[in-house]
Amino acid sequence: MTDTKRPREPFAPWDRRSLPGLFDVDETAERIGYYKWVEIKLFEALGGWVATVPELDVKLRLGTHCYHHAWHAELFDKRLPELREMQTERLTVPPNDHMVEFFESMTEPEAAHLTIEKLVGVYRVLIPHKIAAYTYHRNGTSEITDMPTIRILDFILQDEFNDWREGEMLIQSMIESPEELERAMSHQTKLEKIMLAAGGIAGPGSIGDPYVEIVEKN
Amino acid sequence: MRKIFPAEELARDSRFIRQSNEQRMGDPRGARIAGGNAGDALAKLTPGLPNGPDRARALMHGIFVGEIQALEGAGRTCWDFELGDEAPLALKLDMARQCWDEARHCEISVVLAEHMGTELGEYAENALLYEAACNPDPVLRLTGVNRALEGLAIDVFNTMKEFGNMAGDPVLEFCEDWMLADEVTHVKMGSDWLRRLTENDKDRLDKALEFQKVVDRLFSFNGFRGEEDDSPIQLTRRFRELAGFTDEEIDEIADMSRDARSEAIT
């Protein structure tokens, strides 16, 4: 018979989650607000582009991915009040003006022959940066106090990886000449420069700082 | 990228052939869809009709291009309006969801079209549906697209579902039933947003309902969608009720169809 009075630890031996995390409540809310802004801008752009791309498979993928990012925006929107931000619009802002410039440049291509540029902006620049920032946040935040954010980010990252793979394959399938390759690379470089200035989708510190600060001794 | 993307610039590959609605209705094969353009007798779409399978194939092609335009229209509603007073986030989220649904409907209907023996480009496309999705007022756009056109889609999908049942085609029946469920959701979105966004604006509500009537009238040619036994496309009361239509509103569409039919005869 089971001894119901026999004590057990609150954490099973294999459960190594730790309490400390990199972000407090306010920092988390601020980052979530940036993420939500980015997701909104992205799903709006994907929706708008559907009518402008002639390639049927691309058209249908953009329509599908549009919803994925809208759902991400909704998840972040629901998380904000749980982080004490009741006026969710207040934090739904870009991290800086460079990020606004990034979206203006990313959404500039409209003509039917610019599908490569449209796809490159989303799948070779923005989504990889989103994956990086979300992964940094997911791995750095407290696995206990901020588990709701981790759960959200896990769902979202699953989508991001799948969408990135589909988008990258569409790009590869569309680049058939050195000229098209040049177009893709040139557009990517242009957008990456703006993203560099922005410091990532959540501004400087989007993926932390890997460098060690050395205090010089005299 | 511009706000409000014109219908004539919708991006298509070489298989698509664009025609005006008049040209498209002048296509003698169009009679197969409408069930009788120039004096032909109306008849409910059934596999037993001599031209029943041809009509069903033509209709499936029409569904496919309609789904593309519905996808494009919902996508543009995500982009065309500024977030906030112009379009609340929840409305845009609904439109993004509709994008996904319409993309799946494109996938379903292109496979069904092939299954039924037609192929992309066999029939022409007109851009009437997307044109309704270009209205600069989001309320009018949602009313015209989600209540009028998606409402028509409810009737069309239910008719096709019954056609599949009568033809002993479980694939067709299964797929149409799934798409029908989505369409009821889309029409309900339109009904809900119409009421929410015009709660304190009677003038805007009236304009939106008038726009819906204009769109409904456009798609009532020859009264092909109605409640009569020989209406090619049957008006579906039950699903429209689920989608937020009142009995009076459904009666009005039925009356409009009867009027269109009388006009066609005289």
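Look up a bit, the structure's there.
Residues numbered from 1 in each chain as written. Chains lettered and ligands numbered in written order. Predicted model: local features only at pLDDT ≥ 70, side-chain atom pairs only at ≥ 80, totals over all residues. Heavy atoms only, no water.

A word on the packing of aromatic side chains. Using the criterion set out here, one finds 10 aromatic pairs over all chains in the structure. Each member of the aromatic cluster is reached from another via a ring pair, and the members are Tyr-35, Phe-76 and Tyr-134 of chain A. The ring of Trp-79 of chain B carries the charged tip of Lys-3 of chain B above its face, separated from the ring centre by 4.3 Å. Stacked on the ring of Phe-16 of chain B, the Lys or Arg Arg-12 of chain B has its end atom at 5.5 Å from the ring centre. (Phe/Tyr/Trp six-rings, centres within 6.5 Å; stacked < 30°, edge-to-face > 60°. Lys NZ or Arg CZ within 6 Å of the ring centre and 35° of its normal.)

We now examine the packing of helix H1 (residues 25-50) of chain A against helix H4 (residues 89-116) of chain B. It is at 11 Å that the axes of H1 of chain A and H4 of chain B come closest, and there the two elements cross at 50 degrees. With respect to H4 of chain B, the axis of H1 of chain A lies oblique. Here H1 of chain A runs over H4 of chain B; the crossing is left-handed. Side by side, H1 of chain A and H4 of chain B meet where Lys-36, Ile-40, Phe-43 and Glu-44 of chain A of the first sit next to Leu-89, Lys-92, Leu-93 and Ala-96 of chain B of the second. Grouping the constituent residues of the contact of H1 of chain A with H4 of chain B by class yields 5 nonpolar, no polar and 3 charged. (Axes fitted to C-alpha atoms, helices over the stretch in contact; angles between N-to-C directions. Helix = DSSP H or I, 4+ residues; strand = E, 2+ residues; numbered from the N terminus. Parallel < 35°, antiparallel > 145°, perpendicular 65-115°, else oblique. Left-handed = near helix turned anticlockwise from the far one by under 90°. Contact = heavy atoms within 4.5 Å. Nonpolar A, V, L, I, M, F, W, Y, C, P; charged D, E, K, R; others polar.)

Another aspect to go through is the environment of Pro-128 of chain A. Residues and elements named next belong to chain A. Secondary-structure assignment places Pro-128 in helix H5 (residues 115-140). Taking the relative accessible area as the measure of exposure, Pro-128 reaches 29% and is therefore partly exposed. Separated by 36 residues in sequence, Pro-128 and Trp-164 have C-alpha atoms that sit 7.5 Å apart. Once residues lying within four places of it in the same chain are set aside, the contact partners of Pro-128 are Val-122, Tyr-123 and Trp-164. (Buried < 20%, exposed > 50% of the residue type's maximum accessible area, 1.4 Å probe, protein only.)

For the rest of this paragraph, the subject is the pattern of salt bridges. Per the stated rule, a full pass over the model turns up 48 salt bridges over all chains. Among the ionic pairs, Glu-39 of chain A bridges to Lys-130 of chain A, the shortest N-O distance being 2.9 Å. You can see Glu-39 of chain A sitting in helix H1 and its partner Lys-130 of chain A sitting in helix H5, a full 91 residues away along the chain. Judged by relative accessible area, which is 0%, Lys-130 of chain A ranks as buried. Notably, a salt bridge pairs Arg-195 of chain B with Glu-249 of chain B, separated by 3.7 Å at the nearest N-O pair. Residue Arg-195 of chain B is found in helix H7 (residues 170-197), and its partner Glu-249 of chain B is found in helix H10 (residues 247-265); the two are separated by 54 residues along the sequence. Take Arg-195 of chain B: its relative accessible area is 38%, and that puts it in the partly exposed class. Put simply, Glu-227, Glu-228, Arg-237, Asp-251, Asp-255 and Arg-258 of chain B are held in one network by salt bridges that share partners. (Salt bridge = Lys/Arg side-chain N within 4 Å of Asp/Glu carboxyl O.)

Phe-43, Leu-62, Phe-102, Phe-103, Met-106, Leu-126 and Ile-201 of chain A are the most contacted members of the largest nonpolar core, which totals 80 residues. With 13 residues, H1 of chain A is the largest single contributor of residues to this core. Setting aside anything within four residues of it in sequence, one finds Phe-103 of chain A in contact with Trp-37, Val-38, Lys-41, Leu-42 and Leu-126 of chain A. By size, the runner-up hydrophobic cluster in this structure holds 45 residues, among which are Ile-63, Leu-128, Phe-219 and Phe-224 of chain B. (Core = buried A, V, L, I, M, F, W, Y, C linked by side-chain atoms within 4.5 Å.)

Tallying the contact residues gives 28 residues for chain A and 31 residues for chain B. When chain A packs against chain B, close to 2,400 Å² is buried across both sides, 72% of that on carbon and sulfur atoms. For the chain A face of the interface with chain B, the top three residues by lost area are Ala-51, Tyr-67 and Glu-110 of chain A, together amounting to 23%. Counting every contact that joins chain A to chain B gives 4 salt bridges. Its salt-bridge partner being Arg-2 of chain B, residue Glu-110 of chain A comes within 2.6 Å of it at the nearest N-O pair. Across the chain A-chain B interface, the total number found is 8 residue pairs in polar contact (both at pLDDT 80 or more). (Buried area = accessible area lost by both parts, 1.4 Å probe. Polar contact = N/O pair within 3.5 Å; in protein donor to acceptor, adjacent residues only side chain to side chain.)

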